[in-house]
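# Topology and contacts: notes
Residues per chain are reported as follows:
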Amino acid sequence: MEAMSVQIINPRAKMLLKNLEAMNLIQIKKQPSLATMLAKLRRNEDLLPSLEDITREVEIVRQARYERRMPNNY
């Protein structure tokens, strides 16, 4: 199976594609709209970490790297 994206210029070409689909030679799928795609991406928005959580984790990693590089000079 091979997937293609086709831009239809002539309305007769659309009718030809519909006839090919009726003969079960091709399958036409509609692409989801931008709004549909955004809604799908935002479904799990509540599972994302907050900016504060990300900042806290970055600071922990930076501190650990800094401690490894610097000898203990007390």
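What you are looking at is a predicted structure, and each value in this text was computed from that prediction instead of being measured.

Here we come to helix α1 (residues 11–22). Helix length check: α1 (twelve residues) gives 17 Å between terminal C-alpha atoms against 16 Å at 1.5 Å per residue, within 8%. Capping the start of α1, asparagine 10 holds a side-chain oxygen 3.0 Å from the backbone nitrogen of arginine 12, two or three residues further along. Just downstream of α1 lies asparagine 24, where phi reads positive at about 60 degrees.

On to the confidence of the model for the protein chain, then. Keep in mind that low pLDDT regions are not for reading the predicted coordinates in detail. Summarising the model, the protein chain shows a mean pLDDT of 89, and 96% of its residues fall at 70 or more. Summarising per-element confidence for the protein chain, the mean pLDDT is lowest in helix α2 (residues 34–42) (87) and highest in α1 (95).

What follows concerns unusual backbone geometry. At asparagine 24, a position not held by glycine, the phi torsion is positive, near 60 degrees. Mapping asparagine 24 onto the fold places it in the loop between α1 and α2.

Evaluated as defined, the whole model comprises two salt bridges. For arginine 56, the salt bridge goes to aspartate 53, with nearest N and O atoms at 3.1 Å. Placement of the pair is arginine 56 and aspartate 53 together in helix α3 (residues 51–69), with a separation of three residues, close to one helical turn. Overall, arginine 56 belongs to the partly exposed group, its relative accessible area being 48%. For arginine 62, the salt bridge identified is with glutamate 59, shortest N-O distance 3.4 Å. Here glutamate 59 and arginine 62 lie together in helix α3, a separation of three residues that amounts to about one turn. Note on glutamate 59: relative accessible area 43%, which makes it partly exposed.

Rules used in this analysis
- Residues numbered from 1 in each chain as written.
- Predicted model: local features only at pLDDT ≥ 70, side-chain atom pairs only at ≥ 80, totals over all residues.
- Heavy atoms only, no water.
- Helix = DSSP H or I, 4+ residues; strand = E, 2+ residues; numbered from the N terminus.
- Expected span 1.5 Å × (residues − 1).
- Polar contact = N/O pair within 3.5 Å; in protein donor to acceptor, adjacent residues only side chain to side chain.
- pLDDT = per-residue confidence, 0-100.
- Salt bridge = Lys/Arg side-chain N within 4 Å of Asp/Glu carboxyl O.
- Buried < 20%, exposed > 50% of the residue type's maximum accessible area, 1.4 Å probe, protein only.

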